[in-house]
Amino acid sequence: MISVTMTIAGSDSGGGAGIQADLKTFQELKTFGTSSITALTAQNTLGVQDVFPVEASFIVKQINAILEDFDVKAIKTGMLFSSTIIREVSNRLKDTKIPLIIDPVMIAKGGATLLQSDAIDAMIQDLFPIATIITPNIPEAEAISGIAIKSEDDLQLAAQKLLSFGPQVVILKGGHLSDESEAIDRVYFQDGTTLNFTAKRLPTKDTHGTGCTFSAAITAFIARGFSIEDAISEAKKYIHAAISHGLNLGHGHGPTNHFAYNDHVNKEMVSNG
Ligand SMILES: Nc1ncnc2c1ncn2[C@@H]1O[C@H](COP(=O)(O)OP(=O)(O)O)[C@@H](O)[C@H]1O
Ligand SMILES: Cc1ncc(COP(=O)(O)OP(=O)(O)O)c(N)n1
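As named in an unreviewed UniProt entry, the chain is Hydroxymethylpyrimidine/phosphomethylpyrimidine kinase, taken from Kurthia zopfii. Its UniProt record, at the heading Sequence similarities (unreviewed entry), says of the chain: "Belongs to the ThiD family."

In C-alpha cells:
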C-alpha cells in the first residue's frame, strides 16, 4: 500500500519551494502527499513579495483532518513563520509517534523573512525535542546555535549544540559553503556517529527550493521504511538530479527539476512501478 506523507509548510505561488516543492517530491517518490498550509506567500523566482500567515488554530484543524483520517508515516515541517504557530503545531504533534523531519526555514534566498526572529526560541524549546531529524543550512545553524561557522571545528561545535536541543539527528546542509567544490551535507547522530554525504557542487543559480525538496525527499523515503542513513543518501541523489537537470524557468533563482530523479537516476523504480 502507498505510504502517506504530510508537509506542514508555507505555499510558494511560484511553485519552486514550500508546499508545492514538497508535494511534487512526495509524488515523484511514490508516496501520497498531504498538507497543512501555514502561510501564503506571493513569490516567484525573483523573491517573496508578501506573506499572509494562516491562523494557528486553522493550521491545527488541517493537521487534525489529516491525522484523523490517514495513517501518516512521516511528517515534515517547513516555513512556520511565528512562535504561536510553532507552539500550536508542536503541541499537536508531540504525542504522535510519527517520524518528524524539521527544515528550520528562516530566510528565503532573496532575503525575505520566513520565520520571525523571536520564533527561534519556540523552535528550540518546543519543536526540536520531538524531532527525528533537523536539516538547517549553515546560516540557519548559526542563528539557532549562536555559533559563527568558519571552520570544521565550528561545524562540530554547532552540531553538538543543535543535538543538545533534542533531535535524534542533525543534518548540516553544505549548499551555502560556496567556496567548496563539493556540496557536503554533514550528519550527526546522538550516539556520536557522524557521516558525510558528498556530491559535486553544481555551478548554477537555479537552486530555489533545494532545502524544501531535500527534506521532503528524506520524509518520503522514511515514510517508505528506509533507514535514516539510506533515506538521506537517496534524498541526496534526488536533489542532486533535480539541480543538475534544471528547467531554466523564471528570471531569478529558478526552480529545480522534480522529474530528474525518475528520468535519470532511478529508472528501475519507474519500470518496476
Ligand atoms: N550548487 C549545488 N550543487 C549541488 N548540491 C547543492 C547545491 N546547492 C545546494 N545543494 C544541495 O541541496 C541540498 C539543500 O541544501 P541548501 O541549498 O544548503 O538548503 P537551503 O535551500 O535550505 O539553503 C543539500 O543536499 C545541498 O548539499
Ligand atoms: C513558502 C516557502 N517556504 C520555504 C522557502 C525556502 O525554501 P528553500 O528550500 O530554503 O529555498 P530558497 O528560498 O532558499 O530558494 C520559500 N522560499 N518559500
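(A) Representation of the site of ligand 1 in the model. In the vicinity of ligand 1 there are 19 residues, among which Asn137, Gly175, Ala183, Leu202 and Gly211 approach most closely. Of all elements in the fold, only strand S8 (182-189), helix H7 (210-223) and helix H8 (228-244) reach the threshold of two or more residues within the shell around ligand 1. For the shell around ligand 1, the element with the highest residue contribution is H8, accounting for four residues. Of the residues that constitute the shell around ligand 1, the class distribution is six nonpolar, nine polar and four charged.

(B) Representation of the packing of H7 against H8 within the structure. In contact at an axis separation of 8 Å, H7 and H8 are set at 140 degrees when each is read in the N-to-C sense. Comparing the axis directions of H7 and H8 gives the class oblique. Note on packing geometry: the crossing formed by H7 with H8 is right-handed. For the pair formed by H7 and H8, the contact residues are Thr210, Thr213, Phe214, Ala217, Ile218, Phe221 and Ile222 on the first element and Asp230, Ala231, Ile232, Glu234, Ala235, Tyr238, Ile239, Ala242 and Ile243 on the second. Here the residues of the contact of H7 with H8 sort into twelve nonpolar, two polar and two charged.

(C) Representation of the site of ligand 2 within the structure. Inspection of the region around ligand 2 gives 20 residues, with Gly10, Ala17, Gly18, Ala108 and Gly211 positioned closest. Broken down by element, the residue count for the shell around ligand 2 peaks at four residues, all from strand S1 (residues 4-12). The residue makeup of the shell around ligand 2, split by class, is seven nonpolar, eleven polar and two charged.

(D) Structural context of the sheet that holds strand S6 (residues 133-134). Taking strand neighbours across the sheet as the criterion, the nine strands line up as S3-S2-S1-S4-S5-S6-S7-S8-S9 in an open arrangement whose pairing is mixed. Unpaired on one side and paired on the other, strand S3 (47-53) and strand S9 (194-200) mark the two borders of the sheet. Relative to strand S2 (residues 32-44), S1 runs parallel, the two being bridged by nine bridges. Opposite Gly10, over in S2, you have Ala39 as the bridge partner.

(E) Quick look at the pairing of S9. Pairing analysis gives seven bridges linking S8 to S9, with the strands arranged antiparallel. Residue pairing in the sheet places Arg186 in a bridge with Asn196 of S9. The antiparallel hairpin formed by S8 and S9 contains four residues in its connecting segment, where Gly192 sits at a positive phi of about 100 degrees.

(F) Layout of the environment of Ile130. Inspection of the secondary structure puts Ile130 in the loop between helix H4 (120-127) and S6. You can call Ile130 partly exposed: it has 17 C-beta atoms within 10 Å. Look past the residues within four positions of Ile130 in its chain and what remains in contact with it is Ser90, Leu93, Lys94 and Leu100.

(G) Region of interest: unusual backbone geometry. Even without being glycine, Phe81 reaches a positive phi, approximately 65 degrees. Locating Phe81 in the fold gives a position in the loop between strand S4 (72-77) and helix H3 (83-93). Positive phi, close to 55 degrees, is recorded for Asn248, a residue that is not glycine. Along the chain, Asn248 turns up in the loop between H8 and helix H9 (260-265).

Conventions used here
Residues numbered from 1 in each chain as written. Chains lettered and ligands numbered in written order. Predicted model: local features only at pLDDT ≥ 70, side-chain atom pairs only at ≥ 80, totals over all residues. UniProt positions renumbered as here; feature names shortened; annotations may be inferred. Near = placed C-beta within 6 Å. Helix = DSSP H or I, 4+ residues; strand = E, 2+ residues; numbered from the N terminus. Nonpolar A, V, L, I, M, F, W, Y, C, P; charged D, E, K, R; others polar. Axes fitted to C-alpha atoms, helices over the stretch in contact; angles between N-to-C directions. Parallel < 35°, antiparallel > 145°, perpendicular 65-115°, else oblique. Left-handed = near helix turned anticlockwise from the far one by under 90°. Contact = placed C-beta atoms within 7 Å. Pairing = 2+ DSSP bridges. Buried ≥ 20, exposed ≤ 12 C-beta atoms within 10 Å, placed from the backbone.

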